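# Overview (structure and organization)
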Amino acid sequence: MPSFDVVSEADMIEVKNAVEQSNKEITTRFDFKGSSAKVEQKDNELTAFADADFQLEQVRDVLTNKLAKRKVDVRFLDPGKIEKIGGDKVKQVIKIKNGIESDDAKKIVRVIKDSKMKVQASIQGEAVRVTGAKRDDLQAAMAMLRKDVPDMPLEFNNFRD
């Protein structure tokens, strides 16, 4: 029975490369000279540091541009609150979402069931497995999910024929 998995995972290697490129650009830009602006990565969490709120916006812009150039969807980013740390310095923790949350998984299953396609969807942990009798039905389901679920960065993997 042909099947595929619907997942939502950021390519962490590309995220790491984008963070390194962002830091390189921040150190060479004239408007960041003498500041403590930088981006740090720990597992699925990025922390942006800057001297002021405006500068933090600039750091985030540089980061999102680098992520976009490396084909990492910026919808994976979940920015937190801006916190003040010592003096005028500020930081912001940006979480990287991995996996499909249960509410979103239920929404995907509902979209597939409502479409009246000849495929079945089941929640498998942080992924949704879609099975069908024909390969064409699965490809139609992929196209429909890309169109009907625009608020999540979905990927399709583990395609089995």
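Note that this is a predicted model, so its numbers are computed, not measured.

Calculation notes
Every chain begins its residue count from 1, and numbering advances along the sequence as written. In keeping with the predicted nature of the model, local features appear solely for residues at pLDDT of at least 70, side-chain atom pairs appear and are counted solely at 80 or more, and the whole-chain, interface and lining totals rest on all residues. The basis for every side-chain value is the complete set of non-hydrogen atoms in the structure, without hydrogens or water. Definition used for salt bridges: Asp or Glu carboxyl oxygen within 4 Å of a side-chain nitrogen of Lys or Arg. Only runs of H or I of at least four residues qualify as helices and only runs of E of at least two qualify as strands under DSSP, and these elements are numbered from the N terminus. With a 1.4 Å probe rolled over the protein chains alone, any residue whose accessible area is under 20% of its type maximum counts as buried; one over 50% counts as exposed, and the rest are partly exposed. Note on contacts: a residue pair is in contact if any heavy atoms of the two residues lie within 4.5 Å.

## Observations regarding the pattern of salt bridges
According to the stated counting rule, one finds 14 salt bridges in the structure shown. Here Arg129 makes a salt bridge to Asp5, at a shortest N to O gap of 2.7 Å. Taken together, the positions of Arg129 in strand 7 (residues 127–132) and Asp5 in strand 1 (residues 3–7) put the pair 124 residues apart, joining distant regions of the chain. Looking at Arg129, the relative accessible area reads 27%, which means it is partly exposed. Glu25 is the partner of Lys66 in a salt bridge, and the nearest nitrogen-oxygen pair spans 3.0 Å. Residue Lys66 is located in helix 2 (residues 53–69), and its partner Glu25 is located in helix 1 (residues 12–28); the two are separated by 41 residues in the primary sequence. Here the residues in one salt-bridge network are Glu25, Arg29, Asp31 and Lys66, joined through shared partners.

## Thoughts on the environment of Ala50
Note that Ala50 resides in strand 3 (residues 45–50). Of the residues examined, Ala50 reaches a relative accessible area of 1% and is grouped as buried. Ala50 sits 35 residues away from Ile85 along the chain, and the two C-alpha atoms are 9.9 Å apart. The contacts of Ala50, once residues within four sequence positions are left out, are Ala37, Gln55, Leu56, Val59, Lys89 and Val90.

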